[in-house]
Amino acid sequence: MSKQTLTITDNRTGQTIELPIEHDTVPAIGLRQLKVQADDFGMMLYDPGYTNTASCKSQVTFVDGDKGILRYRGYPIERLAKESTFLEVAYLLLFGELPTASKLTDWNARVMAQTRIDDGLKNLLQTFPADAHPMGVLISAVAAMSTFYPEAKQVHDSETRLRQVLRMLGQLPTAVAFAYRNGRGLPAIEPDAALGYSDNFLHMMGFAGDGDGGIDPVLARAMDVLFVLHADHEQNCSTSALRNIASSDADPYCAVAGAIGALYGPLHGGANEAVLRMLAEIGDVKKIPAYLDRVKGREVRLMGFGHRVYKNYDPRAQIVKKIAYEVFDVTGSNPLIDIAVELERTAIEDDYFVSRRLYPNVDFYSGIIYQAMGFPVEIFPVLFALGRTPGWLAQWMELMGDAEQRIARPRQIYLGEGERPYPPIGERG
Ligand code: SDX
């Protein structure tokens, strides 16, 4: 049996250390033994963007980027997208197992019982200008919830944690819909707890009527599946931001607000909005070659393409593409889909993208569906955030229960000035 250790020799000194290998990783702290002078700080790892650093041990989500595999608690995303509801998947992510029928009924009722928002939150949402970006509004709304529910600071009490989880799952869609309609001078539509989660969201948005006041089931199911596809994705940028904030025992509202802030960026969850703006800018399939030339000239990025982990197809992108056509059967096609399909076809045959293993990710097609359903472009990242909320909260609960976790506090390589004398103001410049 080979030794499960890594031997490292520091050629500056000849010092050799042996580190234990666990889960194909070694503890970075072990490198601190390597010193040139006895009073040196010791060696560190340098890993900008954490491209090869495990920040935690997790049992929530597994991603194999080379094989294009995504599983929530061991279940393939393809099966969950086909068989489960979003709240069922939220239960799975949070508690580790798919619920029985009775537990799912109870869980649905508990979440839907939390869909009304505090009048104070409504007042806050009404203060934003009509053109306020919905992500800025959502960040503010979630952070504000920490003031309405100060008990949330008791992050080590499991019952208190669960109450905040239910409040965020229940209230965030209502807050989003309220802000959307308020920004357009439309009256709020109160939540209907008798509806399904996504049916209720579309209901509160005033969308997706089936002609006689109901919610079109195809669109409600498409919304639910899109939420499922976005529900978690291991240690992505926004989840890592959430874990960083929560590692100081900050309350979950502040942690989720920070995660939404990270998601807002166009390199992350803001990509779905950027894709729509890109497709609109291209405007015609005939202009695709010229746009791709700009991408290859590094003038612009092909938004919705590429991924830190997936170096093959993002399995979610293929499911989203299929949903698009189901939605178009109800809403009528979105002309941008033709540009997107041709853009994908052209790019995946182009060596610039193939050599860099750039394929469509979850954001490439999702925005086209959202637009066809009636959502304005700027709300697309908010829809991503609503879907990701159970994943963030599952990762937060896991962090709170992880005895190995400490407050996040990375080190740095200091390359600045050494000590120098303080110049009086008259002697500066
Ligand atoms: C999400 O991490 C997650 O799991 C995220 C997510 C989740 O569910 O939480 O999956 C959701 O954020 C999906 C990604 C959405 N973002 C976009 O679609 C924006 C466009 N994509 C990129 O900007 C980029 O691909 C990233 C940010 C997604 C990944 O960046 P990396 O891993 O840091 O890759 P990189 O920037 O080092 O790129 C490697 C090479 C570079 O070329 P070279 O300098 O080596 O010649 O690929 C090129 C990049 O220039 N490249 C692109 C590109 N993405 C990478 N070139 C053109 N267009 C792109 N989109």
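Residues numbered from 1 in each chain as written. Predicted model: local features only at pLDDT ≥ 70, side-chain atom pairs only at ≥ 80, totals over all residues. Heavy atoms only, no water.

Some details on the overall build of the protein
For step 1, the next point in the chain: Across its full length, the protein carries 17 helices and five strands.
For step 2, the next point in the chain: In terms of C-alpha radius of gyration, the protein reaches 24 Å, essentially the compact-globule figure of 22 Å for 429 residues.
For step 3, the next point in the chain: Buried residues in the protein amount to 47% of all 429 residues.
For step 4, the next point in the chain: Considering only contacts in the protein between residues 6 or more positions apart, those separated by 24 or more positions represent 69%.
For step 5, the next point in the chain: Summed over its atoms, the accessible surface of the protein is roughly 21200 Å², and 52% of this surface lies on carbon and sulfur atoms. (Helix = DSSP H or I, 4+ residues; strand = E, 2+ residues; numbered from the N terminus. Rg over C-alpha atoms; globule rule 2.2 N^0.38 Å. Buried < 20%, exposed > 50% of the residue type's maximum accessible area, 1.4 Å probe, protein only. Contact = heavy atoms within 4.5 Å. Areas by Shrake-Rupley, 256 points an atom, 1.4 Å probe, with all protein chains shown as cover.)

Some details on the site of the ligand
For step 1, the next point in the chain: Taken together, 23 residues surround the ligand, and among them His233, Arg298, Arg301, His307 and Arg316 come closest.
For step 2, the next point in the chain: Between the ligand and Leu302 there is a distance of 2.8 Å, counted from a nitrogen atom to a backbone nitrogen or oxygen.
For step 3, the next point in the chain: Gly304 places a polar main-chain atom, nitrogen or oxygen, 2.8 Å from an oxygen atom of the ligand.
For step 4, the next point in the chain: For the ligand, whose free accessible area comes to 1000 Å², the fraction covered by protein is 78%.
For step 5, the next point in the chain: Classifying every residue of the shell around the ligand by side-chain character gives nine nonpolar, seven polar and seven charged.
For step 6, the next point in the chain: Shared between two domains, the shell around the ligand takes at least three residues from each, and those domains are domain 1 (74-266 + 377-400) and domain 2 (271-372). (Near = heavy atom within 4 Å. Polar contact = N/O pair within 3.5 Å; in protein donor to acceptor, adjacent residues only side chain to side chain. Nonpolar A, V, L, I, M, F, W, Y, C, P; charged D, E, K, R; others polar. Domains from an automatic or database assignment.)

Some words on the domain arrangement of the protein
Many descriptions give the size of an interface as the accessible area lost when the pieces come together.
For step 1, the next point in the chain: Taken domain by domain, the protein comprises domain 1 (74-266 + 377-400) and domain 2 (271-372).
For step 2, the next point in the chain: Of note, the centres of domain 1 and domain 2, computed from C-alpha atoms alone, are 26 Å apart.
For step 3, the next point in the chain: Domain 1 puts 23 residues into the contact, and the matching count from domain 2 is 24 residues.
For step 4, the next point in the chain: Between domain 1 and domain 2, a total of about 1900 Å² is buried, with carbon and sulfur atoms accounting for 73% of that surface.
For step 5, the next point in the chain: If you look at where domain 1 meets domain 2, you find zero salt bridges.
For step 6, the next point in the chain: For the pair domain 1 and domain 2, the interface holds four residue pairs in polar contact (both at pLDDT 80 or more).
For step 7, the next point in the chain: Going through the elements one at a time, helix H1 (77-83), helix H8 (217-229) and helix H17 (380-400) are the ones with two or more residues in the side of domain 1 that touches domain 2.
For step 8, the next point in the chain: It is H8 that contributes the most residues to the side of domain 1 that touches domain 2, seven residues altogether. (Buried area = accessible area lost by both parts, 1.4 Å probe. Salt bridge = Lys/Arg side-chain N within 4 Å of Asp/Glu carboxyl O.)

Some thoughts on the side chain of His268
For step 1, the next point in the chain: Structurally, His268 is set in the loop between helix H10 (252-263) and helix H11 (271-282).
For step 2, the next point in the chain: Judged by relative accessible area, His268 falls into the buried class, the value being 14%.

Quick look at the pairing of strand S4 (residues 69-72)
For step 1, the next point in the chain: Side chains of S4 alternate between two faces, with Leu70 and Tyr72 buried and Ile69 and Arg71 left unburied.
For step 2, the next point in the chain: Relative to S4, strand S3 (residues 61-64) runs antiparallel, the two sharing four bridges. Looking across to S4, one finds that Asp64 is bridged to Ile69.
For step 3, the next point in the chain: Counting the residues that bridge the hairpin from S3 to S4 gives four residues, and of these Gly68 lies at a positive phi of roughly 65 degrees. (Pairing = 2+ DSSP bridges.)

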